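# Architecture at a glance
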Amino acid sequence: MTDEEGRRLTQIVRRGRGNPIRVRRATIIMASASGTPVPAIARLVAADEDTVRDVIHAFNERGLAALDPQWAGGRPRLISDDDIAFIVTTATARPATLGCPFTRWSIRKLAAYLAHCHQRRVVIGRERLRQILREHGAAFQRTRTWKESNDPDKDAKLDRIEEVTSRFPYRCFELDPQSRTL
């Protein structure tokens, strides 16, 4: 430990203000520098002996930067960007085109489909799925009726509507109920 590091550590410990984790780590390093054994330091700062050793090793490797722990927030990410793209693509497709016997996705149905999909298996919780869909602007509309169209050209018309609205996303379209064309 250099003289400058010693002065800085003493300053942090004596003031005792600021981040308590930083003060505790500085205390561990100062006690180690004065020759105090690890078990005694662990009792002094009410920490596990392995934690004390980890802080000392981190200080030996990184110097004063070891006072600020490099903790990551939360669990490691398990869903890749490719998985997210697949989720959004699946959610915006009609279930019937993917071989599902219903007209609209729900969060529960989509999560179950993704978990058992043969093309790409993505296991995801419903809340995280909802967050991803919201981030990408994919929303489910509630099915307003239980009736299914008996029009034999229904799929072709829906494909045409999907194509036109994806090509011109900011336009407003009106369907003529008489001619049933777009």
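Residues numbered from 1 in each chain as written. Predicted model: local features only at pLDDT ≥ 70, side-chain atom pairs only at ≥ 80, totals over all residues. Heavy atoms only, no water.

## Quick look at the state of the cysteines
Summed over all chains, the structure comprises zero disulfides. Not engaged in a disulfide, the cysteine C100 finds its nearest cysteine sulfur in C117; these two sulfurs lie 8.8 Å apart. On the basis of relative accessible area, C100 is assigned to the buried category, the value being 12%. C117 sits in the buried class, given a relative accessible area of 8%. (Disulfide = S-S within 2.5 Å. Buried < 20%, exposed > 50% of the residue type's maximum accessible area, 1.4 Å probe, protein only.)

## Let's talk about the packing of aromatic side chains
Tallied over the entire structure, the rule returns two aromatic pairs. Their ring planes at 70 degrees and their centres at 5.5 Å tell us that F102 and W105 sit as a pair that is edge-to-face. For W105, a relative accessible area of 6% gives the class buried. Here W105 and Y113 contribute two aromatic rings whose centre-to-centre distance is 5.3 Å and whose plane-to-plane angle is 55 degrees, an arrangement assigned as tilted. Side by side, W105 and Y113 carry an identical accessibility label, which is buried. Among the aromatic residues, those joined into a cluster by ring pairs are F102, W105 and Y113. (Phe/Tyr/Trp six-rings, centres within 6.5 Å; stacked < 30°, edge-to-face > 60°.)

## What to know about the pattern of salt bridges
Considering all chains together, one arrives at 11 salt bridges under this definition. We note a salt bridge from R130 to E127, for which the minimum N-O separation is 2.4 Å. With R130 and E127 both in helix α7 (residues 126-135), this residue pair falls three residues apart, about one helical turn. Judged by relative accessible area, which is 31%, R130 ranks as partly exposed. As a salt-bridge pair, K157 and D151 come within 2.8 Å of each other at their nearest N and O atoms. (Salt bridge = Lys/Arg side-chain N within 4 Å of Asp/Glu carboxyl O. Helix = DSSP H or I, 4+ residues; strand = E, 2+ residues; numbered from the N terminus.)

Read these as geometric descriptors, not functional statements.
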